[in-house]
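For reference, the chains in residue letters:
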Amino acid sequence: MNYPFWDVDIGYGILMAVIAVVHVFVSHFAIGGGLYLVVAETLARRNSDTLRLEFLQKLSKFFVLVTVVFGALTGVGIWFVIGLLNPAATEMLIHNFVWGWATEWTFFVIEIAAAILYLYGWRTMAAGHHLIIGWIYFIAAWMSLFVINGIITFMLTPGDWLQTGAFWDGFFNPTLWPSLVLRTGVCVMLAGLFAMVVASRYDASDFKARVVRFNAAWALVGLAITVVSFLWYWRAIPVAITAAAEEMMPSVIDSVTNSYWFAAAIGAMAAIFGLIFARRQHLIIAIVTLAFGLGWFGYFEWFREEIRKPFIVFGYMYGNGVELSRADVMAREGYLGGIKFRTRNDSADLFRRACQSCHLIEGYRALKPAYDGTDTAFIAGTIRGTGAIVGNMPPFLGTMEEAAMIAAHIYERIDKRHLGEIYGVNGVELGRIVYDIRCGKCHVFGGYNDKAESILGLSDQEYHDLLDMAGELSEEMPAFTGDDREREALIVYLKSLSEGGTP
Ligand code: HEC
Ligand code: HEC
């Protein structure tokens, strides 16, 4: 790695998630809020609705504060974090899209300036000018989404860029448009749901009913755009990516199905409490509906990140910053030579380089539970076979010696007691655990790379033979290095499955 590193105790993924989630919520709020304010202000002025104008003025204070303070702070925060967590990918994105970023920042500056003018112009500006400033605020905000959306979608579907390396091929990539419409829908929905929270605090009145109804209708339009464009988005993702996810990460695919329940809940709550019982809309209900909205959007962002695994830029760079084009060189020369910032502890440096962007030994995506009670030979075997482990990981591209060094680093930090002691079990139960730890990461019964057909219904002798030659079945499969007690338990367990036991 050509950069200094930073060890984060809570794990890279969590740190990124916390800052990024706050930032995307806030930034989408700001964009939808801009549109909401100008449209609602136009209507209110047309009807000389002073109550409504007061409401909007109040709302704009929040939107502007949120955009300027939180949006800007977390936006800068994201740059710090991605630069520290994945410098290689950050550098690559900056180099490829330098004019894109410059354009995005220009729009952001315009957005901030217009937002501040809009806020202070309520009392001092002529109505027409105020509205023009409002439109500038919204359009600049949306344009910055337009630009950044091109770069974010590029990371999942770089399209022709992989061959041409051309800016426009990367920017106008296969998921650019569906994602843009989807995010615009999210902006609209969140603004409506938030305005509903503010309106719900009014005492029951005709005015309240009118504003709540407007907000609910607004949110429902956003929701409808989001739901429909998600289907479009899903279809724009190459089938190879979704098919691999279905095999390797079924939970990610399930989450898509589950997300429709979220959408249904948001729709039902907005319709029932926002349209039908608008007059009595309650703060708590409005907050719960908003929370569903944020939850659903967070889910989408998570899905988008997960389905990209094991890549940070699909088909170009792995999540740990290793470029695909350097895979051959690395397999020959190893990782170590390419690490500029060394700590004189090679094993730790290797672990940082190969695993730490996605795992800590304890805590974030912990490796300890997967390795407790095992041995260095097994750990090294799974490192050479990371590409075969369920969950869609990058393949290990270092040398055999490097795998052994990482294994030693991990082994130092795990529980060295026997699996039977760690889990306090024996017999079939111990066998189940031996299977989970020593086989189940790569062969899931009834799921990913299921080997039931080859490993159920064998005789004792056949089981012993299979375990004796386990290391020869594939370069990516470790030898069986458990002791006799583990071996006997595993065989008893597999035999119990042959007789109809449950995995
Ligand atoms: C780009 C991200 C990434 C990198 C780099 C990575 N992994 Fe993983 N790993 C994952 C994901 C995602 C899973 C699935 C985790 C889950 O299902 O919770 C996983 C799962 C695992 C599992 C199974 C865990 C379990 O409890 O079932 C092991 C063991 C593992 N990784 C070891 C490693 C080792 C060792 C390295 C470094 C040589 C490494 N991984 C590098 C993303 C990564
Ligand atoms: C790190 C991943 C990994 C682990 C752990 C692992 N395997 Fe495998 N296994 C593979 C790979 C990769 C192959 C070869 C490609 C294939 O058939 O999927 C394979 C092949 C096999 C095969 C032969 C192929 C066949 O269809 O007959 C059997 C049997 C098998 N594994 C059983 C086991 C058992 C039993 C364990 C636990 C003792 C185990 N594996 C642990 C990755 C793993």
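The coordinates are above.
Residues numbered from 1 in each chain as written. Chains lettered and ligands numbered in written order. Predicted model: local features only at pLDDT ≥ 70, side-chain atom pairs only at ≥ 80, totals over all residues. Heavy atoms only, no water.

Caption draft 1: The arrangement of the overall build of the chain in detail. The helix and strand tally for the chain stands at 22 helices and two strands. Considering only C-alpha atoms, the chain reaches an extent of 90 × 50 × 35 Å along its principal axes. Taking all 503 residues of the chain together, 51% fall into the buried category. When the accessible surface of the chain is summed, it comes to about 22,900 Å², and 64% of that surface belongs to carbon and sulfur atoms. Taking the average place of the 37 positive charges on the side chains of the chain and the average place of its 47 negative ones, the gap between the two points comes to 13 Å. (Helix = DSSP H or I, 4+ residues; strand = E, 2+ residues; numbered from the N terminus. Buried < 20%, exposed > 50% of the residue type's maximum accessible area, 1.4 Å probe, protein only. Areas by Shrake-Rupley, 256 points an atom, 1.4 Å probe, with all protein chains shown as cover. Lys, Arg positive; Asp, Glu negative; His and termini not counted. Charge placed at Lys NZ, Arg CZ, Asp CG, Glu CD.)

Caption draft 2: A look at helix H21 (residues 460–468). Three or more residues of H21 are buried, namely Tyr-463, Leu-466 and Leu-467. In a view along the axis of H21, the buried residues occupy a sector of 95 degrees, so they form one face of it. With respect to the buried face of H21, the exposed residues turned more than 90 degrees away are Gln-461 and Asp-468. If you follow the buried residues of H21, they end up packed against helix H20 (452–455) and helix H22 (484–498). (Arc of directions from axis to C-beta. Contact = heavy atoms within 4.5 Å.)

Caption draft 3: Up close: the site of ligand 1. Lining the immediate surroundings of ligand 1 are 20 residues, of which Cys-355, Cys-358, His-359, Met-393 and Lys-441 lie closest. Contact between ligand 1 and His-359: a nitrogen atom at 2.8 Å from a side-chain N or O atom of the residue. The separation between an oxygen atom of ligand 1 and a polar side-chain atom of Lys-441 is 3.4 Å. Split into classes, the residues belonging to the shell around ligand 1 amount to eleven nonpolar, six polar and three charged. (Near = heavy atom within 4 Å. Polar contact = N/O pair within 3.5 Å; in protein donor to acceptor, adjacent residues only side chain to side chain. Nonpolar A, V, L, I, M, F, W, Y, C, P; charged D, E, K, R; others polar.)

Caption draft 4: Expanded view of the coordination of the iron atom of ligand 2. All of the protein donors around the iron atom of ligand 2 are His-443 (NE2) and Met-477 (SD); their distances to the metal are 2.0 to 2.2 Å. Residue class for His-443 comes out buried when judged on its relative accessible area of 13%. (Donors = N, O, S within 2.8 Å, 3.2 Å for Na, K, Ca; no water.)

Caption draft 5: How the structure looks around the coordination of the iron atom of ligand 1. Bound to the iron atom of ligand 1 are the protein donor atoms His-359 (NE2) and Met-393 (SD), situated 2.0 to 2.1 Å from the metal. In this structure, the iron atom of ligand 1 is coordinated by six donor atoms arranged in octahedral fashion, with angles at the metal of 81 to 179 degrees. Remark: Met-393 occurs in the loop between helix H16 (376–384) and helix H17 (400–411) and His-359 occurs in the loop between helix H14 (346–354) and helix H15 (368–371); sequence separation between them is 34 residues. (Tetrahedral: all angles 85-135°; square planar, octahedral: opposite > 155°, others 65-115°.)

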